[in-house]
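# Working through the structure, step by step
If you want the building blocks of each chain, they are given just below.
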Amino acid sequence: MAGQNNGKQGGQQQDVNQLLKVRREKLANLQEAGQDPFQITKYDVTHHTSDVKDLYNAHEEKLLAGRPAVNTDGMDEAAAREAVKADYEERRSIMDADPIHVSIAGRMMFKRVMGKASFANIQDLKGNIQIYVARDAIGEDLYATFKKSDIGDIWGVKGYAFRTKTGEISIHAEEMTLLSKSLQILPEKFHGLTDTDMRYRQRYIDLIMNQESKEVFVKRSKILKEIRNFLADRDFMEVETPMLGKTTPEGARDYLVPSRVNPGKFYALPQSPQLFKQILMVSGMDRYFQIVKCFRDEDLRADRQPEFTQIDCEMSFVDENDVMTMMENMIGRIFKEIHNIDIQLPLKRMTYKEAMDRFGSDKPDTRFAMELTDLSDLVKDCGFGVFSSAANAANSSVRAINAIGGADAFSKKGMKKLEEHAKTYKAKGLAWIKVTEEGIDSPIAKFFTEDEIKAILDRMDAKAGDLILFVADKNKVVYDALGQLRLEVARKMDLIDKNKYNLLWVTEFPLFEEDEETGRMIAMHHPFTCP
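Computed from a predicted structure; not experimentally measured.

## Details of the overall build of the protein
- In terms of helices and strands, the protein carries 17 helices and 19 strands.
- Here the C-alpha radius of gyration of the protein, 32 Å, is well above what a compact globule of 531 residues would show, namely 24 Å.
- A principal-axis box enclosing the C-alpha atoms of the protein has dimensions of 90 × 70 × 65 Å.
- Of the roughly 31,100 Å² of accessible surface on the protein, 51% is carried by carbon and sulfur atoms.

Structure representation (structure tokens):
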């Protein structure tokens, strides 16, 4: 079997190498013919693909205003077909008499050659559009070059927009220019490759193949523009502070950068750059902001990464309500301008303690229920040592969540995966009870009396079909593990409405927390000391 797999992989690699060789030969032929696409550095682009479609729709609405749709009532199939065809040709004639000429450039993602006419799909930053390429329109030599071109090549296209019989807006090419030759093949969708990890190893392929990935960059740019406009309108000054500075006590370890000119000494990358901006506040600059990179050396999780971007805003002569009002108005504007969503203001407020007790997170997702419930008082004297010891220990507890209807949603294998997920947040294990019509199904049931089981089910408001998940440990571990389990179970059971936005403020954060390794109290967030 291993030999067969190796042989198959070797054959695939040989096919890939042959494809790459063919592409290099095509480029060499173009260069010998004086048509080197890499020598072209400028092309007159007038529109993006989505702009062409919007422009055509508006132009069509203007030229065909008041024209009724074709009526085929009472016609047989053949007559109806002829009526629709005649209506299309008449509409097309009206539009072609006053055409919209455009010039686009993008990557060819699809090509279908059919003798004297062919079709291609060109993709740019804002989307894609179909191109109709006729030999008589662009000339025989260029048409021959087009037919030999490959998926991934960059083409410039000039022509006029039209609507096909199927209703798709396309461009009738009148001029085409090969702007760049793709020497690398795109993944499996086109050439039978099975290497799906390529999009992660070579990020440009992900951006080519997945419009959603590209849209992240587009949306981020729009958001930053709205932030800057909003704050500038309210007399905020944008500032920039040093990246290399002195280490300050914060919530994670610093990334250190050795100094070449000062051997044995190091700079610290900022976890949050407020330190320098306090100098600006003291000096009398009363409103400023910074959109800045921050760096935190901590264990990676789904909601953590080594570097991230944050918005720092500082204001003088205000209280916390003024700051929160300013920020939520900015968020409201972003949602309106980017998503056309009106969010309800003022935003709800929740204390840090309430957020942790109910949701196990200081950034709670309130779009679904499944809140944490403290069972410590019910299990402090039970026969299950894991629960009783945690229930009686300082700064520890036994808490649970009820996944309503989850008993049938998770098999033994599924429960094992949930336990592994909990362990990534330092939980030692995961206890569970499935409630059935016959009673309960649980590996820990034998440690509890009937009264204790009933008390647990009553407090959890559990009914047949429900799944109860328990974590017993120090409060930090319990909150982290159950809070993340809550989200994981909700994702698996499709409980999260992705079109819903429940925004809120979490207030009254603790200033200090205990360092697990040293036992010392450390700043939970930047304490803004030593300006």
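## Some points on the layout of surface pockets
- The volume enclosed by the second largest pocket comes to roughly 370 Å³.
- In this structure, the second largest pocket is lined by 17 residues; those nearest its centre are Lys26, Leu30, Gln35, Thr145 and Lys148.
- Breaking the lining of the second largest pocket down by element, the ones donating at least two residues are α1 (2-32), α5 (140-148) and β5 (169-180).
- Here the lining of the second largest pocket takes five residues from α5, the largest share from any one element.
- Grouping the constituent residues of the lining of the second largest pocket by class yields seven nonpolar, five polar and five charged.

## Brief notes about the sheet that holds strand β15 (residues 439-441)
- Ordered by their spatial adjacency, five strands build an open sheet running β12-β13-β16-β14-β15, and the pairing between neighbours is antiparallel. Looking at the sheet topology across the chains shown, the edges are occupied by β12 (373-374) and β15.
- Of the pairings in the sheet, the one linking β12 to strand β13 (residues 396-403) comprises two bridges and is antiparallel in character. Across the sheet, Asp374 pairs through a bridge with Arg399, a residue of β13.

## Quick word on the nonpolar core
- By size, the foremost hydrophobic cluster in this structure holds 34 residues, and its most contacted members are Leu418, Leu469, Val471, Leu485 and Val489.
- No other element matches helix α17 (residues 475-492), which puts nine residues into this core.
- Those residues in contact with Leu485 that sit more than four places away from it in its chain are Ile401, Leu418, His421, Ala422, Leu430 and Val471.
- Judged by nonpolar contacts, the second largest core, of 25 residues, contains Tyr56, Ile122, Ile171 and Met176.

## Points about the pairing of β13
- Among the eight residues that make up β13, eight are buried, leaving the element largely enclosed by the rest of the structure.
- Residues of β13 alternate between two faces, with Ser396, Val398, Ala400 and Asn402 on one and Ser397, Arg399, Ile401 and Ala403 on the opposite face, all of them buried.
- Note: β13 against strand β16 (residues 467-474), eight bridges, orientation antiparallel. The residue bridging Arg399 from the neighbouring strand is Val471, located in β16.

## Thoughts on a negative patch on the surface
- On the surface, Asp319, Glu320, Asp322 and Glu508 cluster together to form a negatively charged patch.
- Since its relative accessible area comes to 37%, Asp322 is described here as partly exposed.

## Some remarks on the environment of Lys53
- By secondary structure assignment, the location of Lys53 is in helix α2 (residues 49-63).
- Sequence separation between Lys53 and Met324 is 271 residues, and the spatial gap between their C-alpha atoms is 41 Å.
- With residues up to four places along the chain from it excluded, the contact list for Lys53 reads Asn128, Ile129 and Ile169.

## Section: the state of the cysteines
- Counted according to the given criterion, the structure contains zero disulfides.
- Cysteine Cys313 shares no disulfide, and the gap to the nearest cysteine sulfur, in Cys294, comes to 13 Å.

## Considerations on the packing of aromatic side chains
- Scanning all chains against the criterion turns up eleven aromatic pairs.
- With a centroid separation of 6.2 Å and 65° between ring planes, the pair formed by Phe384 and Phe448 is classed as edge-to-face. With Phe384 in the loop between α13 (376-379) and α14 (385-392) and Phe448 in the loop between β15 and α16 (450-460), the pair connects residues that are 64 residues apart, well separated along the chain.
- Looking at Phe448, the relative accessible area reads 10%, which means it is buried.
- In this structure an aromatic cluster arises from ring pairing among Phe384, Phe387, Phe447, Phe448 and Phe470.
- Here Lys434 stacks its cationic end above the ring of Trp432, 5.7 Å away from the centre of that ring.

## Quick word on helix α12 (residues 352-359)
- Within the span of α12, buried status applies to Tyr352, Ala355, Met356 and Phe359. Looking down the long axis of α12, one finds its buried residues gathered within 105° of arc, a one-sided arrangement.
- Packed against the buried residues of α12 are β11 (348-351), α17 and β17 (504-507).
- Residue Gly360 follows α12 closely and has a positive phi angle near 70°.

## Brief notes about unusual backbone geometry
- Here the bond from Leu345 into Pro346 is cis, since omega is -5°, no more than 30 degrees from zero.
- Turning to its location among the elements, Pro346 is positioned in the loop between α11 (320-339) and β11.
- The backbone of Asn340 shows a phi angle near 55°, a positive value even though the residue is not glycine.
- Within the secondary structure layout, Asn340 lies in the loop between α11 and β11.

## With respect to a nonpolar patch on the surface
- A cluster of nonpolar side chains, Met243, Leu244 and Tyr267, forms an exposed patch at the surface whose accessible area comes to about 240 Å².
- Counting through the fold element by element, Leu244 comes out in the loop between β6 (237-238) and β7 (256-258).
- Judged by relative accessible area, Leu244 falls into the partly exposed class, the value being 43%.

## A word on the pattern of salt bridges
- Applying the stated criterion across every chain, the model contains 32 salt bridges.
- Here Arg358 makes a salt bridge to Glu354, at a shortest N to O gap of 2.6 Å. In this pair, Arg358 and Glu354 both sit in helix α12, four residues apart, roughly one turn of the helix.
- In this structure Glu354 comes out as partly exposed when scored by relative accessible area, which is 32%.
- Linked by salt bridges that have partners in common, Arg23, Lys26, Asp150, Asp153 and Lys181 make up one network.

The rules behind the values
Residues numbered from 1 in each chain as written. Predicted model: local features only at pLDDT ≥ 70, side-chain atom pairs only at ≥ 80, totals over all residues. Heavy atoms only, no water. Helix = DSSP H or I, 4+ residues; strand = E, 2+ residues; numbered from the N terminus. Rg over C-alpha atoms; globule rule 2.2 N^0.38 Å. Areas by Shrake-Rupley, 256 points an atom, 1.4 Å probe, with all protein chains shown as cover. 1 Å grid on protein atoms, 1.4 Å probe; cavity = no way out; pocket = protein on both sides within 12 Å on 5 of 7 lines; lining within 4 Å. Points joined across faces, edges and corners; volume = space filled by probe spheres on them. Nonpolar A, V, L, I, M, F, W, Y, C, P; charged D, E, K, R; others polar. Pairing = 2+ DSSP bridges. Core = buried A, V, L, I, M, F, W, Y, C linked by side-chain atoms within 4.5 Å. Buried < 20%, exposed > 50% of the residue type's maximum accessible area, 1.4 Å probe, protein only. Contact = heavy atoms within 4.5 Å. Patch = residues over 30% accessible without salt bridge, like charges linked within 9 Å, V, L, I, M, F, W, Y side chains within 5 Å. Salt bridge = Lys/Arg side-chain N within 4 Å of Asp/Glu carboxyl O. Lys, Arg positive; Asp, Glu negative; His and termini not counted. Charge placed at Lys NZ, Arg CZ, Asp CG, Glu CD. Disulfide = S-S within 2.5 Å. Phe/Tyr/Trp six-rings, centres within 6.5 Å; stacked < 30°, edge-to-face > 60°. Lys NZ or Arg CZ within 6 Å of the ring centre and 35° of its normal. Arc of directions from axis to C-beta.

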